[in-house]
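Examination of the molecular architecture
For reference, the chains in residue letters:
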Amino acid sequence: MTGNATFRHDNTALLAVTSVEAPVVVSSSEFDERLAPSLKRLRLSKRLLERVAGVTERRWWSPGSDFDDAAIEAGAKAMAEAGIEPGDVGLLVNTSVTRRNLEPSVAVKIHHSLGLPSSAMNFDLANACLGFVNGMTLAANMIDSGQIKYALIVAGEDAQQTQEATFNRLNREESTREDFLSEFATLTLGSGAAAAVIGPADLHPGSHRILGGVSRAGTEHHELCVGGIDGMYTDTKGLLDGGLDLVVTAWHEAQADGWKWDAMDRYVTHQVSTSYTNAIIKAVDLERERVPITFPHWGNVGPASLPMTLAQESQSLSPGDRVLCLGVGSGLNTSMMEIAW
C-alpha cells in the first residue's frame with residue numbers, strides 16, 4: 001500500500017447539507033454565440049459543450065451578488081437545518097476555489113457575517129475540486145479527537161469572470177484549435193454554493209454517520225490542469241486517464257482494507273462531464289441508476305458540485321441508505337467517504 005492509509009471515524013455525523021443555486025441560467029447555445037467568431041475561423045462545430053461534455057447550461061450570479069455571499073447564505077441554512085447556534089461552531093472551513101484576493105482568507109468574511117465566535121477557528125482549505133470532501137474529513141477528525149464539537153464547511157464558486165476572459169482570449173485572431181481544446185474545460189464550469197454542518201453523532205440520534213473512507217494522491221499529474229482567475233488550461237485526456245487510474249487504485253485498496261462499496265444506495269461523485277461520469281461508472285463497475293447527475297444543468301461547480309448534488313439527493317434518501325461520496329481534484333488527488341444515512 002502506498003500513500004495515506006484508509007481512515008475510520010468513531011462519533012461523527014453529517015447534521016445538514018445545503019446548497020444555493022446561482023440565479024442566472026446561461027445556456028451552452030449562448031456560449032456558442034459568444035464564441036461564434038473562433039468556432040467559424042477554427043472550423044469547429046457548435047454544440048460541442050452539449051455533445052462532448054453533456055453540459056446544456058450553467059449558472060452565474062446576478063449583478064451585485066458574490067460567491068462568498070452565497071456561501072454565507074448556504075452556511076446559515078445549514079446551521080438552521082442542523083439546529084445549532086453560531087456560538088456552537090468551533091471550526092469554519094471555506095473550501096472555495098474562487099477568491100478575489102490572495103489575503104485575507106475568504107473564510108474571515110464568512111466567519112464575521114455568520115456571527116461565529118472568536119473561539120471558532122477559521123481558514124481556507126484549497127485543494128481544487130476535492131476541497132469540500134477534504135474539509136469534511138478534517139472536521140470529522142477534530143470532532144473525534146474532542147478538539148471541537150461542531151464544524152461548518154462551506155464553498156462558493158463564481159465561474160463568470162474566468163469564462164468571460166476565456167471568451168476574449170479564444171476570439172482573438174491568433175488563437176488556435178489547440179488553445180480552444182486546452183481551455184474547453186473552462187467552458188464547462190458553473191457557479192453555486194454549498195455548506196455542511198458536522199457534529200458528534202451521539203448527541204444527534206437520527207443524524208447521518210460519517211464512517212470514514214480512503215484518500216490517495218497522484219501528484220505526478222500536477223501539471224495536467226492548471227487554473228487561475230483568467231483561465232484554466234487542461235490536458236483533458238491526460239487528466240481523465242490519470243484520474244481513473246487513481247480512483248481505481250484507491251477503490252481496490254479500500255476494498256482490501258474492509259470497505260465494501262459495490263452495493264451502495266447512492267454514489268455521489270464530483271460533477272464534470274458525460275465522459276468522466278461514464279468512465280468512472282465503467283472503471284469501478286457502478287450501477288448507473290445509483291449515480292445522480294447534475295452537471296448538465298449546473299456545470300462543474302468545483303468543490304461545491306459534490307455537496308450540491310448530495311443536498312439534492314438528500315430529499316430522496318431514507319434512513320439506513322448507504323452513500324459514497326467520491327471526489328477527484330486536479331493535482332491529482334482523490335478521496336472517498338462513506339455516509340450511513
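About the cut-offs
Residues numbered from 1 in each chain as written. Predicted model: local features only at pLDDT ≥ 70, side-chain atom pairs only at ≥ 80, totals over all residues. Heavy atoms only, no water. UniProt positions renumbered as here; feature names shortened; annotations may be inferred. Helix = DSSP H or I, 4+ residues; strand = E, 2+ residues; numbered from the N terminus. Buried < 20%, exposed > 50% of the residue type's maximum accessible area, 1.4 Å probe, protein only. Polar contact = N/O pair within 3.5 Å; in protein donor to acceptor, adjacent residues only side chain to side chain. Phe/Tyr/Trp six-rings, centres within 6.5 Å; stacked < 30°, edge-to-face > 60°. Lys NZ or Arg CZ within 6 Å of the ring centre and 35° of its normal. Salt bridge = Lys/Arg side-chain N within 4 Å of Asp/Glu carboxyl O. Patch = residues over 30% accessible without salt bridge, like charges linked within 9 Å, V, L, I, M, F, W, Y side chains within 5 Å. Areas by Shrake-Rupley, 256 points an atom, 1.4 Å probe, with all protein chains shown as cover. Lys, Arg positive; Asp, Glu negative; His and termini not counted. Charge placed at Lys NZ, Arg CZ, Asp CG, Glu CD. Axes fitted to C-alpha atoms, helices over the stretch in contact; angles between N-to-C directions. Parallel < 35°, antiparallel > 145°, perpendicular 65-115°, else oblique. Left-handed = near helix turned anticlockwise from the far one by under 90°. Contact = heavy atoms within 4.5 Å. Nonpolar A, V, L, I, M, F, W, Y, C, P; charged D, E, K, R; others polar. Pairing = 2+ DSSP bridges. Arc of directions from axis to C-beta.

**Description of the UniProt feature "domain: Beta-ketoacyl-[acyl-carrier-protein] synthase III C-terminal" (unreviewed entry) in the chain**
Per the UniProt record, the feature "domain: Beta-ketoacyl-[acyl-carrier-protein] synthase III C-terminal" (unreviewed entry) sits at residues 255–337. As annotated, residues 255–337 has a helix share of 30% and a strand share of 20%, and its two end C-alpha atoms lie 13 Å apart.

**With respect to unusual backbone geometry**
Note that the residue after Glu103, namely Pro104, is joined by a cis bond; omega there is 0°. By secondary structure assignment, the location of Pro104 is in the loop between strand E5 (89–94) and helix H5 (106–113). Residue Leu332 follows Gly331 across a cis peptide bond; omega there is -5°. Tracing the backbone through its elements, the reader meets Leu332 in the loop between strand E13 (322–329) and strand E14 (333–340). In this model, Arg43 sits at a positive phi of 60°, which is unusual for a non-glycine residue.

**What about the environment of Thr249?**
Relative to the assigned elements, Thr249 resides in helix H9 (residues 236–256). Accessibility expressed as a relative area gives 39% for Thr249, which makes it partly exposed. Between the alpha carbons of Thr249 and Val284 there is a distance of 9.9 Å; along the sequence they are 35 residues apart. A polar atom in the side chain of Thr249 sits 2.9 Å from the backbone oxygen of Asp245.

**Observations concerning the packing of aromatic side chains**
Counting across every chain of the model gives four aromatic pairs. Consider the rings of Trp259 and Trp261, whose centres lie 5.5 Å apart with planes at 35°: the pair is tilted. Take Trp259 and Trp261: they sit in the same class, and that class is buried. Aromatic ring contacts, followed pair by pair, group Phe31, Trp60 and Phe167 into a single cluster. Taking NZ or CZ as reference, Arg58 lies 3.9 Å from the ring centre of Phe31, over its face.

**Side note on the pattern of salt bridges**
Evaluation of the coordinates by the stated rule reveals 16 salt bridges. Between Asp257 and Arg8 there is a salt bridge; the shortest N-O distance is 3.2 Å. Here the residue Asp257 occupies a position in the loop between H9 and strand E12 (266–269), and Arg8 occupies one in strand E1 (residues 7–8), the gap between them amounting to 249 residues. Note that Lys237 is salt-bridged to Asp241, the shortest N-O span being 2.7 Å.

**Remarks on a negative patch on the surface**
Residues Glu173, Glu174, Glu178 and Asp179 make up a contiguous surface patch of negative charge. Under the relative-accessibility criterion, Glu174 is labelled exposed at 59%.

**Re the side chain of Thr186**
You can see Thr186 is positioned in the loop between helix H8 (177–182) and strand E8 (192–200). For Thr186, a relative accessible area of 0% translates into the label buried.

**Let's talk about the packing of H9 against helix H10 (residues 274–283)**
Axis separation between H9 and H10 bottoms out at 10 Å; the angle between their running directions is 30°. One finds that H9 runs roughly parallel with respect to H10. Two packed elements cross with a definite hand, and for H9 against H10 that hand is right-handed. Here Leu240, Leu244, Val247 and Val248 of H9 come into contact with H10, specifically with Tyr276, Ala279, Ile280 and Ala283. Considering only residue class, the contact of H9 with H10 consists of eight nonpolar, no polar and no charged.

**Brief notes about the pairing of strand E2 (residues 12–21)**
Where burial is concerned, most of E2 is hidden: nine out of the 10 residues are buried. The pairing of E2 with E8 spans nine bridges and is classified as antiparallel. Along E8, the bridge assignment pairs Val20 with Ala193. Examined bridge by bridge, E2 and strand E9 (residues 208–217) share two bridges and lie antiparallel to one another. Each bridged residue has a counterpart across the sheet, and for Leu14 the counterpart in E9 is His208.

**As for H10**
Given 3.6 residues per turn, any residue in an α-helix points the same way as the ones three and four places further on. For H10, the set of buried residues is Tyr276, Thr277, Ala279, Ile280 and Ile281. Residues of H10 that are buried in the fold lie against H9, helix H11 (295–298) and E13. Where H10 terminates, the next one or two residues include Asp285, which has phi positive at roughly 60°.

**Considerations on H5**
Here H5 has its buried residues at Val106, Ala107, Ile110 and His111. Seen end-on, H5 carries its buried residues on one side only, within an arc spanning 130°. Where H5 is buried, its residues contact helix H4 (67–82), E5, strand E6 (121–124) and strand E7 (150–157). A positive backbone phi angle near 70° is found at Gly115, which sits one or two residues after H5.

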